[in-house]
Amino acid sequence: GLKNINFKSGYPVPLTVTDIRVNSAHKTDATKASDYMKSQGVRMVFEFDLTTSVFHNFAEYLYGNNMVEQQNWEAGKYFLTSLNFGGLKDTSSFQEIFFNDPSFGVKRSNFLEFASHECDYCFWMIHYRNRQRVTTVAQASPISTNTELQDEHVLDTNIVCMFTKANADCPNIIKRVKSQIETNLAGKSYSKYANFPSCSESDWATRYWRNYTQLLDIKSTWDPTNQFHHCQSVGSTDISCCPDYDKISAQTKTCLGVEGPGAGQPCVFPFSYMGTSYNSCTVGGFGRPWCATSVGIIGAMNSWAYCDTEACPVN
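Residues numbered from 1 in each chain as written. Predicted model: local features only at pLDDT ≥ 70, side-chain atom pairs only at ≥ 80, totals over all residues. Heavy atoms only, no water.

So, the nonpolar core
Counting residues in each nonpolar core, the largest one holds 25 residues, and the members touching the most others are Phe104 and Ile181. If you list the elements that add at least two residues to this core, you get strand 1 (79-88), helix 4 (95-100), strand 2 (121-130), strand 3 (153-163) and helix 6 (170-184). No other element matches the five residues that helix 6 contributes to this core. Sequence-distant contacts of Ile181, that is, excluding residues within four places in its chain, are made with Leu83, Phe85, Ser93, Phe94 and Ile97. Residues Cys255, Phe271, Cys281 and Cys312 belong to the second largest nonpolar core, which totals 13 residues. (Core = buried A, V, L, I, M, F, W, Y, C linked by side-chain atoms within 4.5 Å. Buried < 20%, exposed > 50% of the residue type's maximum accessible area, 1.4 Å probe, protein only. Helix = DSSP H or I, 4+ residues; strand = E, 2+ residues; numbered from the N terminus. Contact = heavy atoms within 4.5 Å.)

As structure tokens, then:
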């Protein structure tokens, strides 16, 4: 609704601003935060202080209810798939994805496109970090595979999706975006949490517990009574958050395009190109396996994308 009312090409992006100055109040003043964002050139949906305050209070109410809802979720109902990148110098590695990705981009044509991949709930967070200090524990036992703690102002970003169907296609769209960002960051320095939970690959458990000893050392300091205890948390052996990949590995996954104009869309078979009909991905014309993601009345390729070769047949 806000997109159409304001005649914008993309969906609005919620912003959370925290005042971390020494003399700041317990809560950040929404009006002052809005004024600061405007001074930095950010185009705000709400121009008036009263409207900003009303929306801020409503957002706090929704956030509180969301926390209560999550605490009451049925155990083992939801699986989780996610990606994370930290210590980024700027947004260049995910800027194009943020605007134009068919599943998560703010300019996507279908707001709930991710639901077509059997994702029940997704969110994308971008953190503009203003680090003030580094704790002794963090210095002694870092939980990142590559820390950028010497940089005070960096970006972190993560996308998280929840899904209920064990063989859902939901992890594949996270895997697609993660692969694109990793490609864009090739040769650059960034950090990734070794224990960030995700079901996007079958080896998630090995990756999650890679630095388990260090994590237990850290937990003994900040959670000695094990209050933070749930599926995938440090100190827990419960792994019911993720599907049993050994049981579903034989099931057919959706063949998707991962790069190109039709990225994120299922491949369409058969399709014809330059007079030849194809029932699988082909390398003809593009140098690597690709498929049609939409076809005309007679089956001729309209749009295309490079294939996910782990899920698609290749000729």
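Quick look at the packing of helix 2 (residues 30-39) against helix 3 (residues 49-71)
One can describe the packing of helix 2 onto helix 3 by two numbers: an axis separation of 9 Å at closest approach and a directional angle of 115 degrees. Note on packing geometry: the crossing formed by helix 2 with helix 3 is right-handed. Contacts between helix 2 and helix 3 pair Ala30, Thr31, Ser34 and Asp35 from the former with Asp49, Thr52, Ser53 and His56 from the latter. (Axes fitted to C-alpha atoms, helices over the stretch in contact; angles between N-to-C directions. Left-handed = near helix turned anticlockwise from the far one by under 90°.)

Points about helix 2
Of the residues making up helix 2, those classed as buried are Ala30, Thr31, Ala33, Ser34 and Met37. Across the axial projection of helix 2, the buried residues extend over an arc of 160 degrees, all falling on one side. The exposed residues of helix 2 that point more than 90 degrees off its buried face are Lys32 and Ser39. Contact partners of the buried residues in helix 2: helix 3. (Arc of directions from axis to C-beta.)

Let's talk about the environment of Ser272
Its location among the elements puts Ser272 in strand 5 (residues 271-273). Accessibility expressed as a relative area gives 22% for Ser272, which makes it partly exposed. Not counting chain neighbours up to four residues away, the residues in contact with Ser272 comprise Ser277, Ile298, Gly299, Ala300 and Met301. A polar side-chain atom of Ser272 sits 3.4 Å from the main-chain amide nitrogen of Ala300. (Polar contact = N/O pair within 3.5 Å; in protein donor to acceptor, adjacent residues only side chain to side chain.)

Shape descriptors only; they carry no functional weight alone.
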